[in-house]
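# Inside the fold
These are the residues of each chain, in order.
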Amino acid sequence: MNHLISMRDLTKAEIQQFISTAAKIEKGELQPDLTGRVMGALFFEPSTRTHLSFETAMKRLGGEVISMSGTKGTSVEKGETLADTVKVINQYSDIIVIRHALEGAARYVSEQVTVPVVNAGDGANQHPTQSLLDLYSIYKTQNRLTGLTIALIGDLKYGRTVHSLVHALAHTQPKFYFISPPSLQMPRYIKDELREMKVDFEEGEHVEDVINQLDILYVTRIQRERFADPVDYERVKNAYVISRALLQNVKPNLKVLHPLPRVNEISTDVDQTKYAYYFQQAKNGVFMRQAILSILLGEI
Amino acid sequence: MMNDRKTMKVDAIRNGTVIDHIPAGRGLRVLEILESEEDQQKDLITIGLNLISGAYGRKDIIKIENRELTVNEVNQIALIAPEATLNIIRDFEVTEKKTVELPEKIEGLMHCPNPNCVTSDETIHTRLLRVSRTPVRLRCAYCERVFNVEEMKLVGISGKYEE
Ligand SMILES: [Zn+2]
């Protein structure tokens, strides 16, 4: 594998390799050495969390990082094309990590350069490193990926994270519940694809109807910008809050995941319960990105 | 009577190509493709619209004299009229009958309609992957969205087909 652009490109075996490599790195069974290697982090669209996670992963492996965050004051602002910008960074780095607002930007970049490219998010399209760390978190907490009952809740329409995650899990015989306000439902093209793949899913508006059957509850943030009317936003925001009270009769193995940052969609009283897993999930992200960088740089 | 007229039209060509079984209403779009090739102004093109056809109800038909279509043109026709057939005429005879075949990968021929797609910068060549033949549905290789061909626009003269 040369690049990591989309979950769509990965075979089941490749996904398994990422997960088992991350696990070995976490346990200390594998210690890839990237001393002397440089990662070029091109965040055309700033994203503190993902950026820091990648930077931590590279540094823990002994590598170096050069970074761009936002385009203010850069050659991009002067009108340089995307192809030219990345061809220059190509000369400085051994691997490129890119976040860009345009969909397909990472794939296009991978066709312009001679080093491996990792997609750290392209518009509303893909965020494969997030999907892989989510898979790793699900695997770690449930000891399996197959046959799980998983609810995704929140903004399912614009949430790129949930789109790639649903795609990544489609081969694992899941039972999905898609819980959202009617205006933020899972897009039709994704549901069509799931139907073609014979994936079992149901849509609903109320998480309390299904919460006691779940192995995984994946919560996403509902953004104010998605609503024309602020009153609608306030109403929806408060209707989709996961509280401790809601978790009274859940399965003992339930884990609550969230790609973070959260606003109020998980109340802080959930943090102390054994169901909360979102901070460990963020830590898993570093192990997964260590695995990704090592594999793409040929060190595994 | 209709049938006689159709036969007459086909027979009237000495050398060239007859594109038959174009779904009614799409003939003009096929014509656009044929005219997008720069040096073809000299061709004599005749078009029959909304003709009665047993199997298809109504159809459009196009005759181009003195020219056989390029692979590029055939692929473009497959995008908008996947049921079309090509009759190659030599010396008033139909010497070959071909059906058009939608390729698995279509490069640089059509725009991706997603305004947030990286190919909305027109210096970047589009690449579309066939999802289904009927109806024609294509996935953008970049933004990964799937579109019906009716939602897409042809790139025009600079369009190139690559294997
Ligand atoms: Zn596109």
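The structure displayed is predicted, hence computed values, not measured ones.

Tallying secondary structure elements over chain B gives 3 helices and 9 strands in all. Counting helices and strands in the order they occur from the N terminus, chain B gives α-β-α-β-β-α-β-β-β-β-β-β. Split into buried and exposed, the 163 residues of chain B put 47% on the buried side. In chain B, the proportion of contacts linking residues at least 24 apart, taken out of those at least 6 apart, comes to 62%. A total accessible area of about 8500 Å² is found for chain B, and carbon and sulfur atoms account for 49% of it.

Bring the parts together and some accessible area is lost; that lost area is often taken as the interface size. In this assembly, 17 residues from chain A lie in contact with 13 residues from chain B. Carbon and sulfur atoms supply 44% of the area that chain A and chain B bury against each other, a total of about 1300 Å² over both sides. Applying the counting criterion to the chain A and chain B interface returns 5 salt bridges. With its nearest N and O atoms 3.0 Å apart, the salt bridge here joins Glu103(A) to Arg145(B). Between chain A and chain B we count 11 residue pairs in polar contact (both at pLDDT 80 or more) in total. Those elements that provide at least two residues to the side of chain A that touches chain B are helix H4 (105-110) and helix H7 (188-196) of chain A. Class assignment of the residues belonging to the side of chain A that touches chain B gives a composition of 6 nonpolar, 4 polar and 7 charged.

Moving on, we get to a nonpolar patch on the surface. Residue and element names in this part refer to chain A. There is a patch of nonpolar side chains on the surface, built from Ile66, Val88 and Tyr92 and spanning about 260 Å² of accessible area. With respect to the helices, strands and loops of the structure, valine 88 is situated in helix H3 (residues 82-92). The class for valine 88 is partly exposed, based on a relative accessible area of 35%.

About the cut-offs
- Residues numbered from 1 in each chain as written.
- Chains lettered and ligands numbered in written order.
- Predicted model: local features only at pLDDT ≥ 70, side-chain atom pairs only at ≥ 80, totals over all residues.
- Heavy atoms only, no water.
- Helix = DSSP H or I, 4+ residues; strand = E, 2+ residues; numbered from the N terminus.
- Buried < 20%, exposed > 50% of the residue type's maximum accessible area, 1.4 Å probe, protein only.
- Contact = heavy atoms within 4.5 Å.
- Areas by Shrake-Rupley, 256 points an atom, 1.4 Å probe, with all protein chains shown as cover.
- Buried area = accessible area lost by both parts, 1.4 Å probe.
- Salt bridge = Lys/Arg side-chain N within 4 Å of Asp/Glu carboxyl O.
- Polar contact = N/O pair within 3.5 Å; in protein donor to acceptor, adjacent residues only side chain to side chain.
- Nonpolar A, V, L, I, M, F, W, Y, C, P; charged D, E, K, R; others polar.
- Patch = residues over 30% accessible without salt bridge, like charges linked within 9 Å, V, L, I, M, F, W, Y side chains within 5 Å.

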